[in-house]
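# Summary of structural features
Listed below are the residues making up each chain.
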Amino acid sequence: MITEIKTEDIIENEIYDRVFCKLTLDDYDWMRYTFDISFPLKEGLLKCLIEYLGSQTCMMTVNCYKDSILAENCTYRFDCGLFKEYIVRYLKAHIESWNSSYAFSAEKIAIEFYNAICKEGEIET
């Protein structure tokens, strides 16, 4: 499994021209906050779903696709403080970009968040 991503690992092609991120803050029945990231890498497409469900422990599910086929997957558990730290950074950067003429890109924050979880989290077996 890929445990560290660098900016130079990101590729651009006819399908992906950047790292895609989607933040969902769902408070319908109980809090379920998710941060979806798609990293188009030289090794294949890395898709991550990071979840905060209101407890002390968060989860990141990682699926690695090669030639559109699931090649590897794993799940990390990590402390909710890390989720809060990076979501606050993401939201602040996003709000600051509202007055820009360029589209917001969370690539740097997404890479740092993924790497921090890989470093500080524990892989479930």
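Preceding this section is the structure that the text describes.
The present account deals with the structure reproduced in this document.

Cut-offs used in this document
Residues numbered from 1 in each chain as written. Predicted model: local features only at pLDDT ≥ 70, side-chain atom pairs only at ≥ 80, totals over all residues. Heavy atoms only, no water. Salt bridge = Lys/Arg side-chain N within 4 Å of Asp/Glu carboxyl O. Helix = DSSP H or I, 4+ residues; strand = E, 2+ residues; numbered from the N terminus. Buried < 20%, exposed > 50% of the residue type's maximum accessible area, 1.4 Å probe, protein only. Expected span 1.5 Å × (residues − 1). Arc of directions from axis to C-beta. Contact = heavy atoms within 4.5 Å. Pairing = 2+ DSSP bridges. Phe/Tyr/Trp six-rings, centres within 6.5 Å; stacked < 30°, edge-to-face > 60°.

What follows covers the pattern of salt bridges. This structure, assessed with the given rule, holds 4 salt bridges. Across the salt bridge formed by arginine 32 and glutamate 51, the nearest N and O atoms sit 2.6 Å from each other. In this pair, arginine 32 sits in strand E2 (residues 32-41) while glutamate 51 sits in strand E3 (residues 44-52), placing the two residues 19 residues apart along the sequence. Given a relative accessible area of 38%, arginine 32 falls into the partly exposed group. Judged by its relative accessible area of 10%, glutamate 51 falls in the buried class. The partner of arginine 77 in a salt bridge is glutamate 124, and the shortest N-O contact between them spans 2.3 Å.

Spanning 17 residues, helix H1 (residues 80-96) covers 24 Å between terminal C-alpha atoms, matching the ideal 24 Å at 1.5 Å per step. Buried residues of H1: Cys80, Leu82, Phe83, Tyr86, Ile87 and Tyr90, and no others. In an axial view of H1, the angular spread of the buried residues amounts to 145 degrees, which keeps them on one side of the axis. Exposed and oriented more than 90 degrees from the buried face of H1 are Lys92 and Glu96.

Its 14 residues give helix H2 (residues 107-120) an end-to-end C-alpha distance of 20 Å, which sits within 8% of 20 Å, the value for a rise of 1.5 Å per residue. By the criterion of burial, H2 is predominantly enclosed, with 10 of the 14 residues buried. Turning to H2, its buried residues are Glu107, Ile109, Ala110, Ile111, Phe113, Tyr114, Asn115, Ala116, Ile117 and Cys118. Taken together, the buried residues of H2 touch strand E1 (20-26), E2, E3, strand E4 (57-66), strand E5 (69-79) and H1.

Moving on, we come to the pairing of E1. Sheet topology note: the E1/E2 ladder contains 7 bridges and is antiparallel. Bridge assignment links lysine 22 to a residue of E2, and that residue is aspartate 36. From the end of E1 to the start of E2, which pair antiparallel, there are 5 residues.

Okay, the packing of aromatic side chains next. Scanning the entire structure with this criterion turns up 9 aromatic pairs. For the pair tyrosine 33 and tyrosine 52, a centre-to-centre distance of 5.9 Å together with 40 degrees between the ring planes defines the contact as tilted. Of this pair, tyrosine 33 sits in strand E2 while tyrosine 52 sits in strand E3; the two residues are 19 residues apart in sequence, bridging distant segments of the chain. Note on tyrosine 33: relative accessible area 17%, which makes it buried. Look at tyrosine 52 and you get buried, because its relative accessible area is 9%. Between phenylalanine 39 and tyrosine 114, the aromatic rings sit 5.6 Å apart at their centres with planes inclined by 65 degrees, giving edge-to-face as the arrangement. Placement of the pair is phenylalanine 39 in strand E2 and tyrosine 114 in helix H2, with a sequence separation of 75 residues. Tyrosine 114 matches phenylalanine 39 in its accessibility class, with the two residues each being buried. Feature note: the residues Tyr33, Phe35, Tyr52, Phe78, Phe83, Tyr86, Tyr90, Phe104 and Phe113 constitute an aromatic cluster, connected by ring pairs.

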